[in-house]
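# A closer look at the structure
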Amino acid sequence: MNQMVSMIPITAVALPFLIGIAIFFTGKNKKLMGFLSSIAALLSLALVSALYSMLVRGNMDVCCPICFGAGFTFCFRVDWLGLFFAGITSLLWVASIPYSIKYMEMKFPDSRARFFGFFTLSAATAIGVTMAGNMLTLFALYELLTIFTYPLVVHAETPAALKAGKKYLVYLLIGEMFLLFAVLSTPEFAGPRAFAKIGLISSEIGSKMLLVLFCSYIVGFGIKAAIFPFSNWLPTVSIAPTPVTGLLHAVAVVNVGVYGIMRVILNVFGIELVRSMGVGVLLVFISGATIIYGSLMALRQDDLKRRLAFSTVDYISYPILGLALLSPTALVGGLLLLVTHAFLKLSLFFCAGAIDIQTGKTKVSELSGIGRRLPFVSTCFAIGSLGLIGMPLTLGFVGKWYLWQGPMETGQPSAMGVLIAGAILCAFYLLYVVYVLFFKQSNVDFVCDLQLNWTMLFPIGAGVLMGLVFGIFPKGLLLLVNNVTMCYFGG
Amino acid sequence: MSFVLHLPVLMVAVPIAVAVLISVLLTFKRNIAFVLSVLTMIFCLISSLFLMVKVITEGSFVYYVSDWPPPWGIEIFIDRLSVYMLLLIAIVGLISIIYSELYIKKVLDHQKIPFYYMLVLFLIGSIVGFVISGDIFNMFIFFEILSLSSYSLVAISGDREALRAGFRYLVMGIVSSLFILLGLGFIYSVTGTLNFTQIALRVKELSDLTVIQTGALLLIVAFIIEAAIFPLHVWLPKAHGKAPAPVSALLSGLVIGIGVFGMIKVVYYILPGVYPVSFVVFFRGLISVGIILGAIFALFENDLKILLAQSSISQIGFAAIGVFFFSYSGLMGSMLQLLNHAFAKSALFLGAGAVIYKTGFRNLDEMKGIGKRMPITMGFFAIGLASIASIPMTCGFVSKYYLCLAAIKQGLWGSVGAILLGGFLSLLYCLRIISCIFFEKPDSKVEVKEAPLKMLLPLGVLAFLTIFFGVFPRAAFVLIEPGVKEILGFLR
């Protein structure tokens, strides 16, 4: 593989980061604030696309190490896996900007400069994590992401929001403690361009130590990916403004957790070592438990955003399951489902936010008859739900098609059971909402006083449309995902 | 460049001479005290910059005061680490004094102001003397001056609480200096000298190390008191909490750091390699407990300045634990933590002082939502907190990274746990403050404006430095990397 030193990866992180800092000082100038937020998102998308074209053309990885002294190196490096995650985040970041601006204007008119400042910082950091070239950089940005999202969670400044913020921090910071331990115990990964190699960890340190490290890494990243015993923070923070629950807590932050787990298994340990340690089953078990737990909890939620958040807990474990099966086909399926989830869940959250703004209703039981009042939003919600369930002609179907081959290939029938149960439960908790929206008779009449304009409807529609288009023409996306898996499974 | 050789002595002599001058002048010229102190500190800063260039290019050097070689004369020993400490002292000292001008006018009686500057200069001069002296006896003398001026500064406002805090500090401080005196007596009785290099030479010839070990133990305990390490930390929260803000900044940022530097001097310069394993394990255990306890105290404290003081107990533990790792990464972590604590904790005390100056609020409950009224002041304050909480891109992260790395490399799992847990708890109490001052709804409708520029500027410089050394820790490595390698060489 050709190598090349480039400043683009660090620019793609640093430039939006600096713009984010600048947004804090815009004060009352709302126009400038919106302009800067959009510019930051667009810039990162442009730079990520530039990196994509570089990777496609020369098949090279791009890195720029900054050495801060002995054993303390920050370096950025882009490969297919990182670019895949960076691409999702930057694309959806751009899509969510118009919605966020409008939503915040209507719902939280106070201290918007702070909100958009931290929003930009968080998104830039989330992209930075996926471009980290070694564990130290990854950890540093990973922790910064936690810190930067905290002000967004507590943005409403109500006691409930502050309490949710506290829970959020305690969960994530405990995870980071484990992660720091694991990162420091494998100092090889603090070196420059550590992620260019596969399986750098030596099995000489003893099987017990290997297991300790593996668990520390999984706990460290898994808490952010909301795996089973640690998933309760995610529904709690659905109290945050919808753009945050949408972009950050359904896409950027949880994806970063999944990304971390992938890096650990694919790069730090390597497929071979994981296979010989036999910990893949452990991970299958954990992700399976998360899928069942998330779905069951989602069924019981009356608050729409909480229901969607539990559905995130459920859905975000599919990529982990796909990875844990240690077969290339399952990984392809997992990654496709990650994309599905990112596009469609963002749209669903935005639908929930739009319904809330329009009618003030947040509970599923109150939604009856909304389908006729808000036809566009409700239709998008229905299509998005079908996509997540995995109807044919949607991306969810393609993803599940590949993922379901995994258990058959590797001979793990229990995983198959989890997949079937997960799909059925998912259909139940999402379609029930659609049923209430369209078919349940409403006895209360309400007035829609606000007019939703295109700035809010466009991102919703775009997300759903993407899910459909990729479902019908999955070839381009499959090519990208195959590039990712080929790096680790060797064609 | 031969004048550079004389600068260390001048850095002790000038502040003390100016302090005496101020005490003579104070009857008729009050305003000049501030100007003179600032000029003195600028002199110290420039001198330490010259010294920095000198040690970077030519390495460490020894200076005999009035050309009398030891064992008769006074020896001054300058290496990279002591220059590093001198730089910290000069920067934090200058910033605190500039900040003092407005703050002190508000909180102290008019007559006491020159006394204040006099005491601060005595403090600075004695710290410098402590850092550069090449024999234990001079260390002891400067330690006495340092302690006396610290007690007086804590108690300077004269109100009941401050006097009590000062008295408590005085009692602990006297015990601490007695330990030093006793310790150096033990060492002198066996080696017949008090000079660092001579002691190290004589110790090698000794067959029985019991007396030396006792002496070393006494010295370390003395510095443990001064550095406020568990269980001898009891004097610190009140002393640092009740002192005027710039004094707290000096005491927390520098003086307890000097306690840790004293430990480094004992363990590496004076008596390297005489410690049985049980000593070291015992001290590491104590420090680990202190790291966690200090953070837990801070988690439940309501008075902001006392909270910061409790956090100092925990933070200085990080610096001290690295001393007992006897490894390159451990010492690097220690030295970086001293820098982090000097800049970040001083910034925090100055920030807390700015709130007190503007509103008189001391408790966190009263400060709800104050970040919206004083965004710039509290923004700098938040940067200090970030560094204490060891968030990446601040120098707190770099220091704790090295400490944890050292502990893991040596397989000291207890210390690893203490460092990680301590870091986690520091994050929690820092975020508690952040959420209180930025996100909670204020109870009162008091109009508060930004702190004046003369207070904002010192704060801003400190906040900038914490970020700067977090993003470019290499700037500090120029001095400490070879310095640490040099003193590790003494162990062999």
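Because the structure is a prediction, the values reported are computed rather than measured. (Residues numbered from 1 in each chain as written. Chains lettered and ligands numbered in written order. Predicted model: local features only at pLDDT ≥ 70, side-chain atom pairs only at ≥ 80, totals over all residues.)

A count of helices and strands for chain B gives 19 helices and 2 strands. Dimensions of chain B along its principal axes, counting C-alpha atoms only, are 70 × 60 × 45 Å. In chain B, which comprises 492 residues, the proportion classed as buried is 59%. Here the analysis covers contacts within chain B between residues at least 6 apart in sequence; of these, 81% occur between residues at least 24 apart. (Helix = DSSP H or I, 4+ residues; strand = E, 2+ residues; numbered from the N terminus. Buried ≥ 20, exposed ≤ 12 C-beta atoms within 10 Å, placed from the backbone. Contact = placed C-beta atoms within 7 Å.)

What follows deals with the overall build of chain A. The number of helices and strands found in chain A is 20 helices and 3 strands. The globule rule puts the C-alpha radius of gyration for 491 residues at 23 Å, and the 21 Å found for chain A is close to it. C-alpha atoms of chain A, sized along the principal axes, occupy 70 × 55 × 45 Å. When burial is assessed residue by residue, chain A has 59% of its 491 residues classed as buried. Within chain A, contacts between residues separated by at least 24 positions form 82% of all contacts whose residues are at least 6 apart in sequence. (Rg over C-alpha atoms; globule rule 2.2 N^0.38 Å.)

Here we take up the interface of chain A and chain B. In this assembly, 20 residues from chain A lie in contact with 20 residues from chain B. Of all the secondary structure elements, the ones that give two or more residues to the side of chain A that touches chain B are helix H5 (135–153) and helix H6 (159–185) of chain A. By residue number, the principal contributor to the side of chain A that touches chain B is H6(A), which donates 10 residues. Of the residues that constitute the side of chain A that touches chain B, the class distribution is 15 nonpolar, 3 polar and 2 charged. (Nonpolar A, V, L, I, M, F, W, Y, C, P; charged D, E, K, R; others polar.)

It is worth spelling out the confidence of the model for chain B at this point. All names here are of chain B. Per-residue confidence for chain B gives a mean pLDDT of 88, with 98% of residues at or over 70. Here helix H7 (residues 196–205) stands out as the least confident element of chain B, with mean pLDDT 82; helix H12 (residues 304–323) is the most confident, with 92. Taken over the whole predicted complex, pTM reads 0.91, whereas the ipTM for its chain interfaces reads 0.86. (pLDDT = per-residue confidence, 0-100.)

This part is about unusual backbone geometry. Cis geometry is found at the peptide bond from Phe230(B) to Pro231(B), where omega equals 0 degrees. Among the secondary structure elements, Pro231(B) is positioned in the loop between helix H8 (210–226) and helix H9 (236–242). In this model, Ala226(A) sits at a positive phi of 55 degrees, which is unusual for a non-glycine residue. Residue classification places Ala226(A) among the buried positions, given that 27 C-beta atoms sit within 10 Å. The phi torsion at Phe326(B) lies on the positive side, around 50 degrees, for a residue other than glycine.

The next thing to look at is the nonpolar core. Nonpolar side chains tend to gather and get buried jointly when the protein is soluble and globular. With 386 residues, the main nonpolar core has Leu88(B), Ile127(B) and Cys404(B) as its most contacted residues. When sequence neighbours within four positions are dropped, the list of residues in contact with Ile127(B) reads Ile89(B), Leu146(B), Leu254(B), Val255(B) and Ile258(B). (Core = buried A, V, L, I, M, F, W, Y, C linked by C-beta atoms within 7 Å.)

One turn of the α-helix equals 3.6 residues, which is why residues spaced by three or four share an orientation. Compared with the 27 Å implied by 1.5 Å per residue over 19 residues, the 27 Å span of H5(A) between its first and last C-alpha is a close match. In terms of burial, H5(A) is a largely internal element, 19 of the 19 residues being buried. (Expected span 1.5 Å × (residues − 1).)

Residue and element names in this part refer to chain A. Relative to the helices and strands, Ser96 resides in helix H3 (residues 80–107). Considering only alpha carbons, one finds Ser96 and Gly463, 367 residues apart in sequence, at a separation of 9.5 Å. Residues in contact with Ser96, not counting those within four places in the same chain, are Pro243, Gly246, Leu247, Leu346 and Pro459.

With that settled, the discussion passes to the packing of helix H11 (residues 280–300) of chain A against helix H18 (residues 413–439) of chain A. Residues and elements named next belong to chain A. At a closest axis distance of 9 Å, the pairing of H11 and H18 adopts a crossing angle of 20 degrees. When the axis of H11 is compared with that of H18, the two are roughly parallel. Between H11 and H18 the crossing geometry is left-handed. Along the contact surface, H11 presents Val284, Gly288, Ile291, Ile292, Ser295, Leu296, Ala298 and Leu299, while H18 presents Ala415, Val418, Ala421, Gly422, Leu425, Cys426, Phe428 and Tyr429. Considering only residue class, the contact of H11 with H18 consists of 13 nonpolar, 3 polar and no charged. (Axes fitted to C-alpha atoms, helices over the stretch in contact; angles between N-to-C directions. Parallel < 35°, antiparallel > 145°, perpendicular 65-115°, else oblique. Left-handed = near helix turned anticlockwise from the far one by under 90°.)

A few words now on the environment of Leu348(A). Residues and elements named next belong to chain A. Inspection of the secondary structure puts Leu348 in helix H14 (residues 328–359). Separated by 112 residues in the primary sequence, Leu348 and Thr236 have C-alpha atoms spaced 18 Å apart. Residues within four places of Leu348 in sequence aside, it is in contact with Leu308, Phe381 and Gly384.

The subject of this paragraph is the packing of H8(B) against helix H10 (residues 245–270) of chain B. Residues and elements named next belong to chain B. In contact at an axis separation of 8 Å, H8 and H10 are set at 165 degrees when each is read in the N-to-C sense. When the axis of H8 is compared with that of H10, the two are roughly antiparallel. In terms of crossing hand, the pair formed by H8 and H10 is left-handed. Contacts between H8 and H10 pair Ala216, Leu219, Ile220, Phe223 and Glu226 from the former with Ile256, Gly259, Gly262, Met263 and Val266 from the latter. Grouping the amino acids of the contact of H8 with H10 by side-chain chemistry returns 7 nonpolar, 2 polar and 1 charged.

Here we come to the environment of Tyr315(A). Residues and elements named next belong to chain A. Along the chain, the position of Tyr315 falls in helix H12 (residues 304–315). Sequence separation between Tyr315 and Glu366 is 51 residues, and the spatial gap between their C-alpha atoms is 25 Å. Setting aside its immediate chain neighbours within four residues, Tyr315 contacts His341, Lys345 and Leu388.

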